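One-letter residues, chain by chain:
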Amino acid sequence: MTIRSKLLIFALGISLIPIFIITTLYYFNARRTVEQQTLSWLTAVAESKKTHTLSFLDSKKGRVVDFSSDGYIRDSLEKICIKETQSDAISDLKRHLKVNKKSLDSQITSIAVLDINGMVVASTTEEWNGMDMSKDDIFMSCVSKNYGESHTGKTYSATYLDIDCIFISAPLTDKRANKTIGVIINAYDISLLDEITTKRAGMGETGEVLLGRKNGDHVIFLTTLKYAPDMPSRMSVPLSSTGAEPMRLALKEQNGTIIALDYRGEEVVAAYQYLPDMDWGLVTKLDKKEVFSPITHLRIFTIIMGCISAIVVIVIALIISKRVTRPIHELVKGTKKIARGDLDFKIPAKSKDEIGLLASSFNEMTSQLGESNKRLEDYAGNLKGMVDEKTKEIEQMLDELRYKNKEMEQIIYVASHDLRSPLLNIQGFSRELQSSLDQMVTILRESDISDEIRAKFTDPLEEDIPDALRFILTSSAKMDKLLSGLLRISRMGRVTLTVKQLDMNKLISEIIESHKYMLNEANVNIPINELPSCKGDDLQINQVFSNLLDNAIKYRNRNKDTKIMISGKNEDGCSVYCVEDNGIGIPEKHKENIFEVFHRLNPADNDVTGDGLGLSIVRRILDRHGGQIRVESEPGKGSKFIVSLPE
Ligand code: ADP
């Protein structure tokens, strides 16, 4: 990730995270405050509407009680009850009710006067006259009451009235007010309650006040519903449904606030009150959407502000990051140039900040690096000169060495070759002397010289001279052997090599075949493994492996079965061969000596003949081929001669 992206993320992080946290907290706090304020305000409205409803009912109760104290009504009822002047009295009472009473309160729908038996004797509504209401609650609950008391009915619809009404009754008593003679009932159109509930000033667009009552297992709304004004009959909702939750709670005789579904199934914030006298519920409510619409606006505003701040922060961060990263980019460009070897390049260090400091330190470092580089180049130049000089010296020495070596070989060759003729003379004349001596001994034995003189010749002729001659012959034979050995070695170095790719499987098979006699005698069977080929002179490489095989047979352990193995593999561009035996082995300290000329470890062993030249010839041949030989051995266990040759 680039520094610019990191700076961008950092700036966004430190600016947007606090904005996000603060606005979220502010949003939830504002939401809670709005909710609490709305609920307490709705509660206040509900309480005021409840008081309003109750005072409306109280005024209507007062009206009935007032009518019950009307002397004309009482007298008329008494007269009607006596049944003498019944028809006149009834029509007078009806007129009185219509003209004098109903006119007092325009909100009265109908008035009825009942006798003590519950029969309607006079009513402002014709259909109501003559009805038997002795079993109705409005009569039964009232007839037992005292003068001045009233009763509000629980029934709201009647066959004799076209509209649903609230019925309020009061007892009619005689003059002394100690005997009930009948009951007066005032009926008020229930829609009068709408006047209370539809006054929704300050209730917003969705605000609504509702009055309801329980009817069996249903809730029935008493007032006209804002969202269902044209319902044919009063709307009813089952008590068990999830809608109209606030009204259901009110009808469970509870007061409180709630956010729940209303009769439409819409989520509302509501306050509910129970009206115990009437067994009614009152609900004031506002749609949740409207209540929280300022909060929704606030949220949208916050999101917009967040986006604007993010854009501003990104722009500022981009400008700052560009200013910060520009010198870094220049620094990087400079380091790349310097890395490509341009040590004279200087990074512009304009700013006075840490990056400027870094650039000037970097420039200082490169100039020092340039100086060191120069010193190093000078030193390398000197070193090269020294190395060239030394190489030249070494080459001269090598040439000298090669020349001396050649000279030495020449001397050895000449010496060993030329020394052989005088040696052969010595051997020849010694043998001649030997035969002359033998003749002289015979002559001496046959001659008849005195015993005294014979005795004087016997010792030198039969002992001293023969001993001396034997010594001369043995020594010259030994010398002959040494000289022929030296001759062999010097010839080895002079032979011209014919290097070619050798089939080692064939070459080793031939060697084994030529050693068949020795191998049979030693009772050895050599397993032939697949061998890699190598480059070399056929005859000389044959000599190498013949010598090694010779030794493996010669230096076998005669107390156990002899095992000899020849194997090979390719390794690091060379063909590596191993001639392994389980013979007498070689002590550690002699491992290198055995390759020296005439070096033998056990020359006194008469069973094993040798001249101590085999391994030195092997090493010389391998040296000339650019090959190598080494030995791994353990006395008593056996030896491994490892030969490597060019592939
Ligand atoms: P020579 O066999 O004629 O003595 P070499 O140069 O071939 O001379 O060997 C030198 C000496 O190395 C031997 O005298 C012998 O002691 C020792 N040697 C060589 N090959 C083996 C072998 N395979 N096991 C034990 N000793 C060995």
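Residues numbered from 1 in each chain as written. Predicted model: local features only at pLDDT ≥ 70, side-chain atom pairs only at ≥ 80, totals over all residues. Heavy atoms only, no water.

Draft legend 1. Here's a closer look at the overall build of the chain. Along its length, the chain carries 14 helices and 17 strands. On C-alpha atoms alone, the chain measures out to a radius of gyration of 72 Å, which is more than a quarter above the 26 Å that the 2.2 N^0.38 rule sets for 647 residues. Put simply, the chain has 647 residues, and 38% of those count as buried. By sequence separation, contacts in the chain at least 24 residues apart represent 61% of the contacts at least 6 residues apart. Summed over all atoms, the accessible surface of the chain reaches about 37,500 Å², with 56% contributed by carbon and sulfur. Charge centroids of the chain, computed over 84 positive and 90 negative side chains, lie 6 Å from each other. (Helix = DSSP H or I, 4+ residues; strand = E, 2+ residues; numbered from the N terminus. Rg over C-alpha atoms; globule rule 2.2 N^0.38 Å. Buried < 20%, exposed > 50% of the residue type's maximum accessible area, 1.4 Å probe, protein only. Contact = heavy atoms within 4.5 Å. Areas by Shrake-Rupley, 256 points an atom, 1.4 Å probe, with all protein chains shown as cover. Lys, Arg positive; Asp, Glu negative; His and termini not counted. Charge placed at Lys NZ, Arg CZ, Asp CG, Glu CD.)

Draft legend 2. Structural detail: the domain arrangement of the chain. Domain parsing of the chain yields domain 1 (69-187), domain 2 (193-293), domain 3 (419-492) and domain 4 (500-646). Spacing between the C-alpha centres of domain 1 and domain 3 amounts to 190 Å. (Domains from an automatic or database assignment.)

Draft legend 3. Structural context of the nonpolar core. Counting residues in each nonpolar core, the largest one holds 51 residues, and the members touching the most others are Leu93, Leu97, Val113, Ile166, Ile184, Leu193 and Trp280. Ranked by the residues each element gives to this core, the list is headed by helix H1 (residues 3-68), at 12 residues. No fewer than three residues from each of domain 1 (69-187) and domain 2 (193-293) sit in this core. (Core = buried A, V, L, I, M, F, W, Y, C linked by side-chain atoms within 4.5 Å.)

Draft legend 4. Focus on the pairing of strand S9 (residues 256-261). Bridging between S9 and strand S10 (residues 267-275) involves 6 bridges; their strand directions are antiparallel. Considered in S10, the bridge of Ile258 is made with Ala270. As consecutive antiparallel partners, S9 and S10 are separated by 5 residues, and within that stretch Gly265 has a phi angle of approximately 85 degrees, a positive value. (Pairing = 2+ DSSP bridges.)

Draft legend 5. Looking closely at the sheet that holds strand S1 (residues 108-115). Strand order in the open sheet formed by 5 strands is S2-S1-S5-S4-S3, and the pairing between neighbours is antiparallel. Taken across any chain shown, the strands that pair with only one partner, and hence form the sheet edges, are strand S2 (120-123) and strand S3 (151-152). Against the sheet, H1 engages S1, S3, strand S4 (165-173) and strand S5 (180-189), with an angle of about 35 degrees to S4. Here helix H3 (residues 86-101) sits on the sheet and contacts S1, S2 and S5; the angle it forms with S2, its principal contact strand, is near 45 degrees. (Axes fitted to C-alpha atoms, helices over the stretch in contact; angles between N-to-C directions.)

Draft legend 6. Fine view of the site of the ligand. Near the ligand you find 21 residues, and of these Asn551, Lys554, Tyr555, Arg600 and Leu615 are the closest. One of the backbone N or O atoms of Leu601 is found 3.4 Å from an oxygen atom in the ligand. Contact between the ligand and Gly614: an oxygen atom at 3.2 Å from a main-chain N or O atom of the residue. For the ligand, whose accessible area on its own is 530 Å², the fraction buried by protein is 98%. Elements with a minimum of two residues in the shell around the ligand: helix H13 (538-554), helix H14 (614-625) and strand S17 (638-646). In terms of residue count, H13 provides more of the shell around the ligand than any other element does, 3 residues in total. A class-by-class count of the residues in the shell around the ligand yields 9 nonpolar, 8 polar and 4 charged. (Near = heavy atom within 4 Å. Polar contact = N/O pair within 3.5 Å; in protein donor to acceptor, adjacent residues only side chain to side chain. Nonpolar A, V, L, I, M, F, W, Y, C, P; charged D, E, K, R; others polar.)

Draft legend 7. Examining the pattern of salt bridges more closely. This model, assessed by the stated rule, comprises 26 salt bridges. Taking the shortest distance from any N to any O, the salt bridge between Asp105 and Arg63 comes out at 3.5 Å. Placement of the pair is Asp105 in the loop between H3 and S1 and Arg63 in helix H1, with a sequence separation of 42 residues. Each of Glu208, Asp262, Arg264, Lys285 and Asp287 takes part in salt bridges that share partners, so that together they form one network. (Salt bridge = Lys/Arg side-chain N within 4 Å of Asp/Glu carboxyl O.)

Draft legend 8. Focus on the packing of aromatic side chains. What the rule picks out here adds up to 6 aromatic pairs. Taking the centre distance of 6.5 Å and the plane angle of 40 degrees together, the rings of Tyr156 and Trp280 count as tilted. With Tyr156 in the loop between S3 and S4 and Trp280 in strand S11 (residues 280-287), this pair connects stretches of sequence that are 124 residues apart. According to the relative accessible area criterion, Trp280 is buried, its value standing at 0%. Cluster of aromatic residues (ring-pair linked, three or more members): Trp128, Tyr160 and Phe167. For the cation-ring pair, Arg31 lies above Phe292, with the distance from its terminal atom to the ring centre recorded as 4.3 Å. Above the plane of the ring of Tyr227 lies Arg264, whose end atom (NZ or CZ) is 3.9 Å from the centre. (Phe/Tyr/Trp six-rings, centres within 6.5 Å; stacked < 30°, edge-to-face > 60°. Lys NZ or Arg CZ within 6 Å of the ring centre and 35° of its normal.)

Draft legend 9. Spotlight on the packing of H13 against H14. As a packed pair, H13 and H14 sit with axes 9 Å apart at the nearest point and diverge in direction by 150 degrees. Put simply, H13 runs roughly antiparallel to H14. Viewed along their axes, H13 and H14 form a crossing whose handedness is left-handed. The segment H13 lies against H14, with Gln540, Ile541, Gln543, Val544, Asn547, Leu548 and Asn551 engaging Gly614, Leu615, Ile617, Val618, Ile621, Leu622, Arg624 and His625. In the contact of H13 with H14, the residues fall into 8 nonpolar, 6 polar and 1 charged. (Parallel < 35°, antiparallel > 145°, perpendicular 65-115°, else oblique. Left-handed = near helix turned anticlockwise from the far one by under 90°.)

Draft legend 10. Spotlight on the confidence of the model for the chain. The predicted model of the chain averages 88 in pLDDT, with 98% of residues at 70 or higher. The secondary-structure element of the chain with the lowest mean pLDDT is strand S8 (residues 236-238), recorded at 81, while S17 shows the highest, at 97. (pLDDT = per-residue confidence, 0-100.)

Draft legend 11. Quick peek at the packing of helix H10 (residues 451-494) against H14. The geometry of H10 relative to H14 is characterised by a closest axis approach of 10 Å and an angle of 10 degrees between their N-to-C directions. Classified by the interaxial angle, the pair formed by H10 and H14 is roughly parallel. Contacts between H10 and H14 involve Arg488, Ile489, Met492, Gly493 and Arg494 from the former and Ser616, Ile617, Arg620, Ile621 and Arg624 from the latter. For the contact of H10 with H14, the per-class residue count stands at 4 nonpolar, 2 polar and 4 charged.

Draft legend 12. Local environment of the side chain of Asp287. Mapped onto the fold, Asp287 is located in strand S11. Classification of Asp287 as buried rests on a relative accessible area of 7%. A polar contact is formed between the side chain of Asp287 and the side chain of Arg264, at a distance of 2.6 Å. Setting aside its immediate chain neighbours within four residues, Asp287 contacts Thr206, Tyr227, Arg264, Glu266, Glu267 and Val268.

Draft legend 13. Spotlight on a nonpolar patch on the surface. The grouping of Ile3, Ile300, Phe301, Ile304, Met305, Ile308, Val312, Ile316, Ile320 and Val324 at the surface amounts to a nonpolar patch, some 850 Å² of accessible area in total. With respect to the helices, strands and loops of the structure, Ile308 is situated in helix H8 (residues 293-339). Residue classification places Ile308 among the partly exposed residues on the basis of a relative accessible area of 43%. (Patch = residues over 30% accessible without salt bridge, like charges linked within 9 Å, V, L, I, M, F, W, Y side chains within 5 Å.)

Draft legend 14. Summary view of a positive patch on the surface. A contiguous patch of positive charge, built from Arg4, Lys322, Arg323, Arg326 and Lys350, is present on the exposed surface. Considering each element in turn, the positive patch owes the most residues, 3 residues, to H8. Assignment of secondary structure puts Arg4 in helix H1.

Draft legend 15. The arrangement of H14 in detail. The end-to-end C-alpha distance of H14, which contains 12 residues, comes to 17 Å, matching closely the 16 Å that a straight helix rising 1.5 Å per residue would cover. For H14, the set of buried residues is Leu615, Ser616, Ile617, Val618, Ile621, Leu622 and His625. Buried residues along H14 sit against H10, strand S13 (534-537), H13, strand S16 (628-634) and S17. Phi turns positive, to about 75 degrees, at Gly626, one or two residues after H14. (Expected span 1.5 Å × (residues − 1).)

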